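Observations on the three-dimensional arrangement
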Amino acid sequence: MDFLWTDFLGTAIWMWLSFLALVILLLALDLGVLHKKNAEIGIRESFLLSAFYMSLGLAFGGWVWWQSGQQAGLEYLTGFVVEKSLAMDNIFVIAMIFGYFAIPRAYQHRVLLWGILGVIVLRGIMIAAGASIIENYHWVLYLFATFLIVTGIKMLLTADKEYDVSGNPLLRLLRKHLPITEKLEGHRFVVRREDVFSGKMKIYFTPLFLALVMVELADLVFAVDSIPAVFAITTDPFIVYTSNIFAILGLRALYFALSALIHRFAYLKYALSVVLIFIGSKIFVADMLGLAKIPPMVSLGVTLAILGAGILGSLWATRNEDKEVANTLAQE
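Everything in this summary refers to the structure shown in the same document. (Residues numbered from 1 in each chain as written. Predicted model: local features only at pLDDT ≥ 70, side-chain atom pairs only at ≥ 80, totals over all residues. Heavy atoms only, no water.)

Some thoughts on the pattern of salt bridges
Applied cut-off: Any carboxyl oxygen of Asp or Glu within 4 Å of a side-chain nitrogen of Lys or Arg constitutes a salt bridge here. Here a strand is any run of E in DSSP of at least two residues, a helix any run of H or I of at least four, and the numbering for each starts at the N terminus. Throughout this description, buried means an accessible area under 20% of the type-specific maximum (1.4 Å probe, protein chains only), exposed means over 50%, and partly exposed covers the range between.
In this structure the tally under the stated criterion is four salt bridges. Notably, a salt bridge pairs Arg-123 with Asp-219, separated by 2.9 Å at the nearest N-O pair. Of the two residues, Arg-123 is situated in helix α4 (residues 105-136) and Asp-219 in helix α7 (residues 207-231); the sequence distance between them amounts to 96 residues. Accessibility classification places Arg-123 together with Asp-219 in one group, the buried group. Each of Glu-83, Arg-123 and Asp-219 takes part in salt bridges that share partners, so that together they form one network.

Right, dumping it as structure tokens:
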């Protein structure tokens, strides 16, 4: 059993296996027990699941702190907070995708679950590749940092613009080359139907499949931002991957909890923009100050302060919106 203490990407194999076993257990519990049948997830259940996944992610950070020390623990917590925040921004896009395809809430959790399974594999590949590149070419971190600053500025300038689902090139390509059913076919992604021209049975893809592809694409786009953001915090692949996955695992529950409250987070994108700019610029600031890196406690504190200001400012600015909507509906 000595191989369990062998390092893999800088961390003992037993720690990787423990994490993967926990993820598999959570997915099995979610898929096989909690949501075995297609049913709408209620707001109360969503908040409870969100709290559970959030607590589990924070507890795992405590375990990392206990196993690997204070710096590793703080780096994990900072990465987890950043990833969770960016996942909240992803909810805006997912809500627009589901709205565009008119996906009922009872089927949305199926799309999100399969989307999360794809995320676990996809981000693992991207993080392993990124870690390998950084190990051999450390200067790539400065490219990541520059990319984050540019992305943050771009997000800041376009924060008030909505995501255009219909204009996505991949969606147009799929509709052009794949046989798509006009309406949903329950919870199925593909169906077999008789072709009107040949009379033979043919596979058709449903709008639910298109929604799944668009959700996966949205996560790929967000991963391009979020993975460099965590690498700018730490180059430890274990911390980068675990903070990513724990943030994503709770995304499905978080979506159902917050999808009805998206309008209340008016300034969240602006806060996220500033966070990306801060995370990217701190690498250059550390060099100017002659530091190996900005202390993890400072990074975590500044990140929490920016996000807290964005969320509290949003809730305060939109505090009367629900009352106005209710009054309008009452008058009608």
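Looking at a nonpolar patch on the surface
Stated precisely, the cut-off is as follows: Note that patches include only residues with greater than 30% relative accessible area and no salt bridge, and the join distances are 9 Å for like charges and 5 Å for nonpolar side chains (Val, Leu, Ile, Met, Phe, Trp, Tyr). Surface accessibility follows the Shrake-Rupley procedure with a 1.4 Å probe radius. Residue values consider only the protein chains on display as shielding.
Residues Ile-133, Tyr-137, Trp-139 and Leu-143 make up a contiguous nonpolar surface patch of roughly 450 Å² in combined accessible area. Relative to the helices and strands, Trp-139 is located in the loop between α4 and α5 (140-157).

Comments concerning the layout of surface pockets
Left-over empty space is what a probe sized like a water molecule reveals as it rolls over the atoms. Keep this limit in mind: Detection works on a 1 Å grid of protein atoms alone, calling trapped sets that fit a 1.4 Å probe cavities and calling open sets with protein on both sides within 12 Å along at least five of seven lines pockets, with lining residues defined by an atom within 4 Å of a point. Grid points are joined across faces, edges and corners, and a volume is the space filled by probe spheres set on the points. Residue type decides the class: Asp, Glu, Lys and Arg count as charged, Ala, Val, Leu, Ile, Met, Phe, Trp, Tyr, Cys and Pro as nonpolar, and the leftover types, Gly among them, as polar.
There is about 550 Å³ of room inside the largest pocket. Taken together, the elements giving at least two residues each to the lining of the largest pocket come down to α3 (70-101), α5 and α7. When its residues are assigned to classes, the lining of the largest pocket shows eight nonpolar, three polar and six charged.

Quick notes on the packing of aromatic side chains
The condition that has to hold: Centre distance within 6.5 Å is the pairing criterion for rings of Phe, Tyr and Trp, where only the six-membered ring of Trp is used; planes under 30 degrees apart are then read as stacked, over 60 as edge-to-face, and the remainder as tilted.
This model, assessed by the stated rule, comprises 19 aromatic pairs. Between the aromatic rings of Trp-16 and Tyr-241, the centroid separation amounts to 6.3 Å while the plane-to-plane angle is 40 degrees, which identifies the pairing as tilted. Here the residue Trp-16 occupies a position in helix α1 (residues 13-34), and Tyr-241 occupies one in helix α8 (residues 237-249), the gap between them amounting to 225 residues. Residue classification places Trp-16 among the buried residues on the basis of a relative accessible area of 10%. Arranged with centres 5.7 Å apart and planes meeting at 55 degrees, the rings of Phe-60 and Tyr-76 form a pair that is tilted. Taken together, the positions of Phe-60 in helix α2 (residues 43-68) and Tyr-76 in helix α3 put the pair 16 residues apart, joining distant regions of the chain. Across the pair, exposure class does not vary: Phe-60 and Tyr-76 are buried alike. Pairwise contacts between aromatic rings join Trp-14, Trp-16, Phe-19, Phe-60, Trp-63, Tyr-76, Phe-80, Phe-238, Tyr-241 and Phe-246 into one cluster.

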